[in-house]
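# Per-entry structural report
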Amino acid sequence: MDSDTLLLECEERMEGAIQNFKEVLSKARTGRANPKMFDALTISYYGVDTPVNQISSISTPEGNQLYIKPYDKSTLTLIEKAIFAANLGVTPQNDGQGVRIVLPPMTEENRKATVKDLSKQCEAAKVAVRNVRQDVNSGLKQNEKNKEISEDMLEDYLNDVQELTDKYVKEIDKLLEAKVKEVMTV
């Protein structure tokens, strides 16, 4: 593959790793209610596994509450059962119109466990970025071996890839730092 194309692919894949990490961070529980907690929650709706957020509206009436109001009231008990089955540490309350979820306050222990989990996810994102670097560097070295680029050009490309790697690793660290601050704030 052309070296410039490899460099573009490198940046795209590293950006993808950042987006995945942002998705993980958005679902992490802080002290506040977050509708994204239920993005992965699905129910069997007319025989098809359907995400709850596609068949209902999820709102936050208060900072520690979520309210799920299905468009079809027949799915109310299915949603309630799915929340119990997901083992999210919350108890849904069916009021006949929707499901109210009151999030218990996070303890110091919960916060530390969340930070620990986020740190693991952060390291996984960094590993993904480094794996992209390794793949691209292999491709660049192969191009040099095939005489498509010179040794000097290879060195320049390798430096560019390392700069991209450093940039994205720093961005991952900044994202984690901001989320840890949010989680640890009482």
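Read on for a plain summary of the structure. None of these values were measured; they are calculated from a predicted model. (Residues numbered from 1 in each chain as written. Predicted model: local features only at pLDDT ≥ 70, side-chain atom pairs only at ≥ 80, totals over all residues. Heavy atoms only, no water.)

## Things to note about the pattern of salt bridges
Counted according to the given criterion, the structure contains six salt bridges. Salt-bridge contacts for Arg-13 lead to Glu-9; the nearest nitrogen and oxygen are separated by 3.4 Å. In this pair, Arg-13 and Glu-9 are both assigned in helix α1 (residues 3-27), four residues apart and thus about one turn of the helix distant. The exposure class assigned to Arg-13 is partly exposed, which follows from its relative accessible area of 33%. On the accessibility criterion, Glu-9 (26% relative accessible area) is partly exposed. Because the salt bridges share partners, they merge into one network encompassing Glu-9, Arg-13 and Asp-135. (Salt bridge = Lys/Arg side-chain N within 4 Å of Asp/Glu carboxyl O. Helix = DSSP H or I, 4+ residues; strand = E, 2+ residues; numbered from the N terminus. Buried < 20%, exposed > 50% of the residue type's maximum accessible area, 1.4 Å probe, protein only.)

## Thoughts on the nonpolar core
Grouped together as the largest cluster of nonpolar side chains are 28 residues, with contacts concentrated most on Cys-10, Met-14, Phe-21, Val-129, Val-136, Leu-140 and Ile-172. Within the residue set of this core, elements represented by two or more residues are α1, α4 (108-145) and α5 (151-184). Per element, the largest residue contribution to this core is ten residues, and it comes from α5. Among all residues touching Ile-172, those that are not within four sequence positions of it are Ile-18, Phe-21, Cys-122, Ala-125, Lys-126 and Val-129. Grouped together as the second largest cluster of nonpolar side chains are 18 residues, Met-37, Ile-43, Ile-55 and Ile-58 included. (Core = buried A, V, L, I, M, F, W, Y, C linked by side-chain atoms within 4.5 Å. Contact = heavy atoms within 4.5 Å.)

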